[in-house]
Amino acid sequence: MFVLNISAQKTTLFMGGIAHLGNGEIIENSVISVKNGKFDLIADATTIRIDPSAFDTIIRIYGKHIYPAFISPNTTLGITEIDAVRATKDYDEVGEFNPNVRSLIAFNTDSKVIKTVRTNGVLITQACPRGGIISGSSSVMHLDGWNWEDAQLKADDGIHLNWPSSYHTSGWWAEPGNTSKNKNYEKGVNKIKTYFEIAKAYSEYNTEMDLELEATKGLFDGSRNLYIHTDYAKEIRESIRFFKELGIKNVVIVGGKDALNAIPVLQEFNTPIILERIHSLPINEDAAIDQFFTLPSELQKNGILFCLAYNGDMEAMGTRNLPFTAGTAVAYGMEMEDAISAISLNTAIILGIDKTTGSIERGKNATFFISSGDALDMRTNNVEQAFIKGLPINLNNHQKELFNKYKDR
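(A) Region of interest: the side chain of arginine 224. Here arginine 224 shows up in the loop between α5 (217–221) and β12 (225–230). At 3.5 Å, the side chain of arginine 224 forms a polar contact with the backbone oxygen of aspartate 156. Setting aside residues up to four positions removed in sequence, arginine 224 forms contacts with Pro99, Ser137, Asp156, Asp157, Gly158, Ile159, Ala215, Gly218, Leu219 and Asn250.

(B) Quick look at the layout of surface pockets. Approximately 270 Å³ is the volume found for the second largest pocket. Residue lining of the second largest pocket: 23 residues in total, with Asn250, Val251, Val252, Pro272 and Ile350 positioned closest to the centre. Taken together, the elements giving at least two residues each to the lining of the second largest pocket come down to β9 (152–162), β13 (251–255), α7 (263–268) and α12 (345–351).

(C) The arrangement of the environment of proline 272 in detail. For proline 272, the location among the structural elements is in the loop between α7 and β14 (273–275). In sequence terms proline 272 and threonine 347 are 75 residues apart; their C-alpha atoms lie 9.8 Å from each other. Beyond its immediate stretch of four places on either side in the chain, proline 272 contacts Val251, Val252, Ile253, Leu305 and Ile350.

(D) Spatial organisation of helix α8 (residues 291–301). Residues of α8 that are buried include every one of Phe292, Leu295, Pro296, Ser297 and Leu299, and no others. Elements in contact with the buried residues of α8: α7, β14, β15 (306–308) and α10 (322–331). Positioned one or two residues after α8, glycine 303 has a phi angle of 75°, which is positive.

(E) Expanded view of the sheet that holds β14. Judged by pairing direction, the sheet is mixed, and its eight strands sit side by side in the order β6-β7-β8-β9-β12-β13-β14-β15 without closing on themselves. The sheet terminates laterally at β6 (70–75) and β15, the two strands that pair on one side only. Averaged over all adjacent pairs, the angle separating strand axes in this sheet is 25°, with direction ignored. Where β6 lies against strand β7 (residues 122–127), four bridges are found, and the strand directions are parallel. When the bridges of β7 are listed, phenylalanine 70 appears paired with valine 122. Strands β8 (134–142), β9 and β12 of the sheet are contacted by helix α3 (residues 185–205), whose axis makes an angle of about 135° with β9.

How each quantity is defined
- Residues numbered from 1 in each chain as written.
- Predicted model: local features only at pLDDT ≥ 70, side-chain atom pairs only at ≥ 80, totals over all residues.
- Heavy atoms only, no water.
- Helix = DSSP H or I, 4+ residues; strand = E, 2+ residues; numbered from the N terminus.
- Polar contact = N/O pair within 3.5 Å; in protein donor to acceptor, adjacent residues only side chain to side chain.
- Contact = heavy atoms within 4.5 Å.
- 1 Å grid on protein atoms, 1.4 Å probe; cavity = no way out; pocket = protein on both sides within 12 Å on 5 of 7 lines; lining within 4 Å.
- Points joined across faces, edges and corners; volume = space filled by probe spheres on them.
- Buried < 20%, exposed > 50% of the residue type's maximum accessible area, 1.4 Å probe, protein only.
- Pairing = 2+ DSSP bridges.
- Axes fitted to C-alpha atoms, helices over the stretch in contact; angles between N-to-C directions.

Structural data, given as structure tokens:
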């Protein structure tokens, strides 16, 4: 495996690449320099003159594609290893309300799964807890580092709430199943409302330390997001209105399968969405088979800020396929550069890390990768080099080692 010997303190120039900046722009013949781990120069090679002596290293990537790091939100990547082995799953805590539980300290930088994911350009993840009513606090992590302290990009970015569903659906996979009303829906909603009213009172008038409620204070001062996991329009509308009236500043919907029926509320409160895996079956029998394939382009048309996720069955190892869901969105109506934004800059904006990452722009961390093909196309994607904060990372992984071991047998 070829690994570049580049120091983050030296200046490196990448010449001739097709640069997808992540902000909707593309430079067909680019010059991009990295200095002190950050992007320094981003320009069109046809409009400027370069002095080669000004750079320690020059790398020519003519005809190849350069992308900002793809970001995977709402995933258990790094906090689970083998789904069938309970001892390797470290994302579901006992209890209903756990805002103080931190996925950060459970993040395993030695995960073999992580190495397979970054092979496809996913270099940043949001490690999220699961279970209960309030699952805990997520953190944004680089997919490289000696330990969780070394890998963290943004600690405790937000708290994850599972809003109850007003309907129960039973059935096996593709079978229609039965749908019935959840008789305990109002009871579940009232339980959540009572808890957050107490949390608000604590944030304003607390006199004694409560570790559980202390974790919720950031929701009211805007330093943390509240991620509401819900799908149906009724729940989207009700949850957004309640939390905005309560004074929680940053609300994000996670899932949002029925978001098109809640557009007015999403627009009114400027609420972004982390879309559930769009490689999914329709939400009901009467829906079009391509319901979720077209959802990104429809949200784009309505001016809703969104990003793509890959949560669901086998989500940790499946995260490597995140770029290909963006490719599906392109096939069903999105522009290529907008789809790239949906797994880079849009995600960074929603997670609150866009000041330092998410796009190829001067002054931002040089976390990016180079592919000899289209990174959104599983047939041509071939990530050859990847960098986190200007430093090259090893793209070898266990699966590549096994392939090389047995390919000639």
